[in-house]
Amino acid sequence: MQHVTVIGGGLAGCEAAWQAANRGVKVRLYEMKPHKYSEAHHLPGLSELVCSNSLRGDALENAVGLLKEEMRRLHTLFMEGAEATKVPAGGALAVDRTLFSEYVTRKIESHPNIEVVHEEITRIPEEGIVIVASGPLTSGALADEIGRLTGNYLYFYDAIAPIVAADSIDYNKAFRASRYGKGDGDDYLNCPMDEEQYKNFVQEILAAEKVEPKSFEKVVHFEGCMPIEEMASRGVETLRFGPMKPVGLVDPRVGVEPYAVIQLRQENMEATMYNLVGFQTKLTWPAQKRIFRMIPGLENAQFLRLGSMHRNTFINAPKLLLPTCQLKEDSRILFAGQITGVEGYVESASSGFVAGVNAARLASGETLIVPPAETAIGALARHITNTEAEHFQPMNVNYGLFPPLVGRIKKKEKRGLLAQRGLEALEKWLPEVAA
Ligand code: FAD
């Protein structure tokens, strides 16, 4: 049987190595620490949580809570380590970061099928099954290599605009139209502002608290992804000539163009999520929620993702990957973790699960798995390979990614039903993936 090479001993790489090794495959896991550290890694061990120690909410009403419950039932090393090292955190699951890393390191190093090699990989091996799980801060030489392999579909900067739940938008205020009626003519939702609303909005943006860039994050603003606060600081009219431009957008209810407009673009095929076009920002999350709820139509918006900008190496997964985590152009190479465009600790580990199981199956000639779309792990996997490639951006798990429920369902019952449907789908799927 072929062995599996895993590049990167972070959250995704460790889970992938663990799953493959538990299925009887020999794994060689390459981790560049402690010889070389990224700008954010500091601990010598594997599976380091680089920033917060929180794995976020544990309740099933929260999609990340469902994802964690699925990962418990899938016997992931990530959840085993989290349970063993958890600290009190109210409704969230938080861990002692040092103990968590030590726990996972011990388990990986003592697994008879895993060999850990502390070395920086700069070339992807030309033969054998390889999982690339080198994370958002992949070292430079390897990033160049991945860039070559994926043909310019590797990104280094992540300028994320907020996303709102479609059912939290006020459709009495937002109107459908695309600029000058292009496309289908009603491709966008538009939130109109009058002059007073616009000027107040700009003032609030200028006064709001911003997240300071990390020392290693060079503040380079490319044309087309400049943060809104930077634009606002250049003059009161700048946003109105940028992402809030009203020209060609006539509000059908009054027959004129508004003073300014915030456009919302459909984010997924099911139209359960909309993003605020051009609204990448470094405002703090509380400031974003407060200020963006000033937008007419978004007063009660539920934010599925908030805006951010940080260095992040990720590939254009919809263009490059199969739902099995395999590279379309070379199916012996799999990708896992944040480099595939999932965002977050739990999400990265969950993608390592899929890649690890599939690498083992490739090695033993079995059919590969794709998690059911109704599960959180499947909704996320489907999102990264099935979304529109042109606007692809990293994504946390959220219920907007799930296939919608059929029939009219009260909003407050929706999440519970989605969680229940997810766990039922998972239970049916478990025998197929059992180690
Ligand atoms: P990582 O956990 O980063 O693992 C990649 C591993 O590969 C590292 O150990 C690295 O040393 C190694 N490596 C890199 N290049 C090579 C190479 N060439 N050869 C060998 N080894 C290599 N998510 C959250 O949920 N909460 C947060 O608070 C949070 N904060 C973040 C803060 C920062 C600064 C960043 C960059 C990201 C943050 N994330 C956070 C997002 C993300 O979920 C984590 O980065 C997560 O650790 C990603 O998991 P991963 O396995 O893909 O990568």
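As annotated in an unreviewed UniProt entry, the protein carries the name Methylenetetrahydrofolate--tRNA-(uracil-5-)-methyltransferase TrmFO and comes from Geomonas terrae. What the UniProt record of the protein gives under Sequence similarities (unreviewed entry) is the line "Belongs to the MnmG family. TrmFO subfamily."

Take the pairing of strand 11 (residues 188-193) next. A large share of strand 11 lies buried, amounting to five of its six residues. Pairing geometry for strand 10 (residues 175-176) and strand 11, over two bridges, is antiparallel. Note that in strand 11 the partner of Phe175 across the bridge is Asn190. The pairing of strand 11 with strand 12 (residues 260-266) spans six bridges and is antiparallel. The residue of strand 12 that forms the bridge with Tyr188 is Arg265.

Once that is clear, we can look at the UniProt feature "binding site: FAD" (unreviewed entry) in the protein. Mapped onto this numbering, the UniProt entry annotates "binding site: FAD" (unreviewed entry) at Gly8, Gly9, Gly10, Leu11, Ala12 and Gly13. With respect to the element layout, Leu11 can be found in helix 1 (residues 11-22). Residue contacts for Leu11: discarding those within four places in its chain leaves Ser47, Leu49, Phe78, Phe100, Tyr345 and Ala349. Along the chain, Ala12 turns up in helix 1. Excluding residues that lie within four positions of it along the chain, Ala12 makes contacts with Ala133, Ala336, Gly337, Ser348, Ala349 and Gly352.

If you check helix 10 (residues 345-364), its first and last C-alpha atoms are 29 Å apart, about what 20 residues at 1.5 Å a residue would give, namely 28 Å. Buried residues dominate helix 10, accounting for 18 of its 20 residues. Trailing helix 10 by a residue or two, Gly365 shows a phi angle of about 75 degrees, which is positive.

The subject of this paragraph is the nonpolar core. As a rule of thumb, nonpolar side chains are buried together in soluble globular proteins. Among the nonpolar cores identified, the biggest contains 94 residues, and Phe78, Ile108 and Ile131 are the most heavily contacted of them. If one sorts the elements of this core by residue count, helix 10 sits on top with 10 residues. Split by domain, the residues of this core number at least three in each of domain 1 (4-156 + 313-433) and domain 2 (162-306). Among all residues touching Ile108, those that are not within four sequence positions of it are Cys14, Trp18, Leu29, Leu46, Leu77, Ile114 and Val116.

Below, the discussion takes up the confidence of the model for the protein. On average, residues of the protein carry a pLDDT of 92, and 96% of them reach 70 or more. This stretch, residues 215-223, has a pLDDT under 50; its non-local contacts, to residues over four places away or in other chains, come to 15 contacts. For this predicted complex, the interface confidence reaches an ipTM of 0.99, while the overall pTM sits at 0.82.

Our focus in this paragraph is empty space enclosed by the protein. The rolling of a water-molecule-sized probe over the atoms marks out the regions of remaining empty space. Under the criterion given, the structure shown has two cavities of 30 Å³ or more. Space inside the largest cavity adds up to approximately 90 Å³. Contributing elements (two or more residues each) for the lining of the largest cavity: helix 10 and helix 11 (376-386). With five residues, the single largest contributor to the lining of the largest cavity is helix 11. Residues of the lining of the largest cavity, tallied by class, amount to nine nonpolar, three polar and no charged. Here the second largest cavity defines a volume of roughly 80 Å³. Along the walls of the second largest cavity sit Arg265, Gln266, Glu267, Asn275, His383, Thr387, Glu388, His391, Phe392 and Gln393, which together make up its complete lining. Partitioned by chemical class, the residues of the lining of the second largest cavity number one nonpolar, six polar and three charged. Structurally, the lining of the second largest cavity is a two-domain feature, drawing no fewer than three residues from each of domain 1 (4-156 + 313-433) and domain 2 (162-306).

This part is about the environment of Leu55. For Leu55, the location among the structural elements is in strand 3 (residues 54-57). Here Leu55 falls in the buried class, since its relative accessible area comes to 1%. Sequence separation between Leu55 and Ala89 is 34 residues; the distance between their C-alpha atoms is 10.0 Å. Apart from the residues within four sequence positions on either side, Leu55 is in contact with Leu49, Val64, Lys68, Phe78, Ala82, Leu93, Ala94, Val95, Tyr345 and Val346.

This paragraph deals with unusual backbone geometry. Here the amide bond leading from Lys33 into Pro34 is cis, since omega sits at 0 degrees, within 30 degrees of zero. Considering the arrangement of structural elements, one finds Pro34 in the loop between strand 2 (27-30) and strand 3. Even without a glycine there, the phi angle at Ser47 is positive, about 45 degrees. Position of Ser47 relative to the elements: it lies in the loop between strand 2 and strand 3. Look at Cys325: it is not a glycine, yet its phi comes out positive at around 80 degrees. Along the chain, Cys325 falls in the loop between helix 9 (317-320) and strand 16 (326-327). The buried category is assigned to Cys325, whose relative accessible area is 9%.

Procedures and definitions
- Residues numbered from 1 in each chain as written.
- Predicted model: local features only at pLDDT ≥ 70, side-chain atom pairs only at ≥ 80, totals over all residues.
- Heavy atoms only, no water.
- UniProt positions renumbered as here; feature names shortened; annotations may be inferred.
- Buried < 20%, exposed > 50% of the residue type's maximum accessible area, 1.4 Å probe, protein only.
- Helix = DSSP H or I, 4+ residues; strand = E, 2+ residues; numbered from the N terminus.
- Pairing = 2+ DSSP bridges.
- Contact = heavy atoms within 4.5 Å.
- Expected span 1.5 Å × (residues − 1).
- Core = buried A, V, L, I, M, F, W, Y, C linked by side-chain atoms within 4.5 Å.
- Domains from an automatic or database assignment.
- pLDDT = per-residue confidence, 0-100.
- 1 Å grid on protein atoms, 1.4 Å probe; cavity = no way out; pocket = protein on both sides within 12 Å on 5 of 7 lines; lining within 4 Å.
- Points joined across faces, edges and corners; volume = space filled by probe spheres on them.
- Nonpolar A, V, L, I, M, F, W, Y, C, P; charged D, E, K, R; others polar.

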